[in-house]
Amino acid sequence: MKKKTSRPLLTTGTSTLLLIFVSLCLLTFAVLSFLSARADQNLSRKTAERTSAYYEACNQAEDRLGEADQMLEKIWQETANEKAYFQAVRETFEDMDFDEESRMLSFSVPLTDTQVLTVTLKLRTPESGSTFYTISGWKTVNTAEWTADTRQNVYVQTESADAEGE
C-alpha cells in the first residue's frame, strides 16, 4: 500500500507569486506618491507666483496712493474752495476714473493677464489732522470673460436607445 504524503501548503511558486504581487504593490504606491508630490509642487509653485504677483500689484497701488496723496495735498493748498478742489482733482487725475457725484476716484493695477487690482478711494475735504481720502475698495477683478466648457457630452442619447423605448 502506498503511503500518502502531505504536500507543503506553500510551495516555491506560491512564494514567488506573493513576492511579485508585493513588489507590484510597492511600485504602484511609489508611482502614486511621486505623482502626488509632483502635483503638490506644481500647486505650490503656482500659488507662490500668484502671491508674488498680488503683492507686486499691491506695492504698485501703494506707490500710486502715495503719489495721489501728494497731489491731493498740493491741489488742496492751491485751491480756495471745495468746488475748485474737486474740479482740479478731475483735471489732474485724468488717467483715473473720477465720479464727481459720489466723489469716488478709482484706478486699476494689472495683476495677471486676466485680473487687475482695483482700488477705489472716497475723496473728502481734509479737516485738521485727517486724510484726503478713505480707501473704500481694494479687490481683484477678473477682466476675462468666463465661458463654460460645453465640448464634453456627459450623456448622449443614441437612436438605437430611442428605438428600443418605442
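Structural data are supplied above this passage.
Heads up: these notes are all about the structure in this document. (Residues numbered from 1 in each chain as written. Predicted model: local features only at pLDDT ≥ 70, side-chain atom pairs only at ≥ 80, totals over all residues. Heavy atoms only, no water.)

Digging into the overall build of the protein
Next up, step 1: Along the protein, the regular secondary structure elements total 3 helices and 4 strands.
Next up, step 2: Sequence-ordered secondary structure for the protein, helices as α and strands as β, is α-α-β-β-β-β-α.
Next up, step 3: Counting all 166 residues of the protein, 20% fall into the buried class.
Next up, step 4: Carbon and sulfur atoms form 54% of the exposed surface of the protein, whose accessible area is close to 13600 Å². (Helix = DSSP H or I, 4+ residues; strand = E, 2+ residues; numbered from the N terminus. Buried < 20%, exposed > 50% of the residue type's maximum accessible area, 1.4 Å probe, protein only. Areas by Shrake-Rupley, 256 points an atom, 1.4 Å probe, with all protein chains shown as cover.)

Concerning the pattern of salt bridges
When their charged atoms lie close together, side chains carrying opposite charge are able to pair.
Next up, step 1: Scanning all chains against the criterion turns up 4 salt bridges.
Next up, step 2: For the salt bridge of Arg45 with Glu49, the shortest nitrogen-to-oxygen distance reads 3.5 Å. Taken together, the positions of Arg45 and Glu49, both in helix H1 (residues 12–78) and 4 residues apart, correspond to about one turn of that helix.
Next up, step 3: Using a relative accessible area of 42% as the deciding quantity, one classes Arg45 as partly exposed.
Next up, step 4: Relative accessible area serves as the criterion here: at 45%, Glu49 is assigned to the partly exposed category.
Next up, step 5: Linking Asp95 and Arg64 is a salt bridge whose minimum nitrogen-to-oxygen distance equals 3.1 Å. Taken as a pair, Asp95 in the loop between helix H2 (82–92) and strand S1 (97–99) and Arg64 in helix H1 lie far apart in primary sequence, 31 residues in all.
Next up, step 6: Residue Arg64 is classed as partly exposed on the basis of its relative accessible area of 22%. (Salt bridge = Lys/Arg side-chain N within 4 Å of Asp/Glu carboxyl O.)

Re the packing of aromatic side chains
Next up, step 1: Here the structure, examined in full by the defined rule, presents 3 aromatic pairs.
Next up, step 2: Look at Tyr54 and Tyr55: their rings are 5.4 Å apart centre to centre, the planes differ by 75°, and that puts the pair in the edge-to-face class.
Next up, step 3: Aromatic side chains Trp76 and Tyr85 sit 5.1 Å apart centroid to centroid with 90° between the ring planes, which places their arrangement in the edge-to-face category.
Next up, step 4: On the basis of relative accessible area, Trp76 is assigned to the partly exposed category, the value being 31%.
Next up, step 5: Classification of Tyr85 by relative accessible area gives buried; the value is 0%.
Next up, step 6: Three or more aromatic residues joined by ring pairs form one cluster here, namely Trp76, Tyr85 and Phe86. (Phe/Tyr/Trp six-rings, centres within 6.5 Å; stacked < 30°, edge-to-face > 60°.)

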